[in-house]
Structure formats: C-alpha cells, structure tokens
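Here are the chains, one letter per residue:
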Amino acid sequence: MSNKNRSVQTVVATGIGAAIIFVLMKFIAIPTGISNTQVNVAEGFLPLLAAIYGPVAAGLAMFIGHALNDFVTYGSPWWTWVIVDGLVGVAFGLFKRQLDIQSGKISVSKLVLFNIYQIVVNFVGWVLLAPTGDILIYHEPANKVYLQGVVTWLLNSASVAIIGTILLVLYTKTRTKRGSLKKEK
C-alpha cells in the first residue's frame with residue numbers, strides 16, 4: 001500500500017475510531033461509586049483499533065474521543081487523563097506488529113504477552129502519570145487521584161483483557177490465513 005493510501009486510511013480510522021470511542025465513553029460507561037471513575041468499554045475497543053491501524057490512529061482516536069466526551073459531559077476536557085489515554089493508545093499501537101492479526105492467526109501466547117503488556121501500560125498511565133499530572137497541574141488531593149488511578153488501572157486492564165481479547169480473536173477469524181490459499185492450476 002502506498003504512503004498516500006496509508007495516510008488516508010489512518011485519517012479515516014482516526015475519525016471513525018474517535019467517534020466510536022466518544023459514543024462508548026458517553027453512553028456505555030458503568031459508574032463505580034468513585035468520583036469520575038467508571039468501567040470504560042472504550043478501553044476494550046482500543047486494542048482492536050491499535051492492532052489494525054497502529055499507534056498514530058489509536059493514539060489520536062483515543063485522545064480526540066476522550067476529549068470530546070469530557071467536553072460534552074463536563075464542559076471541558078480533563079487534559080491529564082485525555083493525554084494519558086492518547087499515550088495508552090499509542091502504546092497499544094506499538095504492539096501491532098507483535099500481534100499481527102492481519103495474518104489470520106493469533107496464538108494464546110501472543111494474547112497472554114499482549115495482556116501482560118497492556119496491564120503494565122495501564123499501570124504506568126493510570127497509577128503513575130495521570131494522578132501525578134492531576135496533582136501537579138490541577139492541585140488535586142493525592143489520596144483522591146491515586147485512588148481513582150488504581151481503580152481505573154484495574155478496570156481498564158480488565159476491560160482490555162476481556163473485551164479487547166475477544167475483539168482481537170473475532171477479528172483475526174475474519175482474516176484469511178497467510179498461505180492458506182492455493183493457486184488453481
């Protein structure tokens with residue numbers, strides 16, 4: 001595929017991905033009882049977007065979708081969490097080559113490796129970066145934001161492990177396995 005076609009595909013995937021993420025965040029979020037923290041189905045969709053289109057589309061789609069959701073829901077984006085969500089999308093996209101779902105094959109070992117990776121990525125994003133940003137930028141109380149961060153890490157990791165893994169497996173099954181087609185004589 002040419003670079004021009006790949007660029008157009010990335011722009012389209014970013015726009016559609018951002019719209020899907022916005023809808024999932026806005027309308028399919030389950031409250032947890034901890035302020036501004038919910039079970040986020042959009043995080044479960046992110047691995048599929050990242051595995052198909054890579055880090056740029058996944059990062060931008062998550063950043064835009066999250067920012068739009070915050071703007072519509074709260075009146076303005078909470079930038080520390082929006083930025084971290086974008087970075088999580090980029091990190092997931094960096095794993096695209098290892099998953100190689102376009103090949104039509106995905107092994108249990110690849111899925112386990114991805115899930116270990118995503119738990120670490122979510123830990124860094126939600127337990128370390130987002131709460132620390134809230135303290136430094138918004139002067140939020142540490143106990144509040146670190147509690148939100150730990151809960152978000154656990155919930156997002158579970159969402160990715162369950163929903164994301166299912167979506168990756170289902171998508172892979174729609175692809176033709178490399179080497180499975182034979183040339184007719």
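Keep in mind the model is a prediction, meaning the values are calculated, not measured.

About the criteria used
- Residues numbered from 1 in each chain as written.
- Predicted model: local features only at pLDDT ≥ 70, side-chain atom pairs only at ≥ 80, totals over all residues.
- Heavy atoms only, no water.
- Axes fitted to C-alpha atoms, helices over the stretch in contact; angles between N-to-C directions.
- Helix = DSSP H or I, 4+ residues; strand = E, 2+ residues; numbered from the N terminus.
- Parallel < 35°, antiparallel > 145°, perpendicular 65-115°, else oblique.
- Left-handed = near helix turned anticlockwise from the far one by under 90°.
- Contact = heavy atoms within 4.5 Å.
- Phe/Tyr/Trp six-rings, centres within 6.5 Å; stacked < 30°, edge-to-face > 60°.
- Buried < 20%, exposed > 50% of the residue type's maximum accessible area, 1.4 Å probe, protein only.

Asker: What is the right way to look at the packing of helix H2 (residues 41–74) against helix H6 (residues 142–174) in this model?
Answerer: Packed helix pairs are specified by the crossing angle of their axes together with the interaxial distance, meaning the distance between the axes. The interhelical angle for the contact between H2 and H6, taken along N-to-C directions, is 45°, at an axis separation of 7 Å. Of the possible angle classes, the one that applies to H2 and H6 is oblique. In the packing of H2 onto H6, the handedness of the crossing is right-handed. Residues Val41, Glu43, Gly44, Phe45, Pro47, Leu48, Ala51 and Ile52 of H2 touch H6, and the partners they reach there are Asn156, Ser159, Val160, Ile163, Gly164, Leu167, Leu168 and Tyr171.

Asker: Help me understand the packing of aromatic side chains, please; the structure alone is not making it clear to me.
Answerer: A ring pair, where both rings are aromatic, is described by two values, the distance of the centres and the angle of the planes. A complete count under the given rule lists 7 aromatic pairs for this structure. Arranged with centres 3.9 Å apart and planes meeting at 25°, the rings of tryptophan 78 and tyrosine 138 form a pair that is stacked. On the criterion of sequence distance, the pair formed by tryptophan 78 in the loop between H2 and helix H3 (79–93) and tyrosine 138 in helix H5 (residues 108–138) is long-range, its members being 60 residues apart. Geometrically, the ring pair formed by phenylalanine 92 and phenylalanine 114 is edge-to-face, given 5.6 Å between the ring centres and 70° between the ring planes. A residue pair is termed long-range when its members are at least 10 positions apart, and phenylalanine 92 in helix H3 and phenylalanine 114 in helix H5 qualify at 22 residues. Of the two residues, phenylalanine 92 and phenylalanine 114, neither departs from the other in class, the shared state being buried. In this structure an aromatic cluster arises from ring pairing among Phe92, Phe95, Phe114 and Tyr117.

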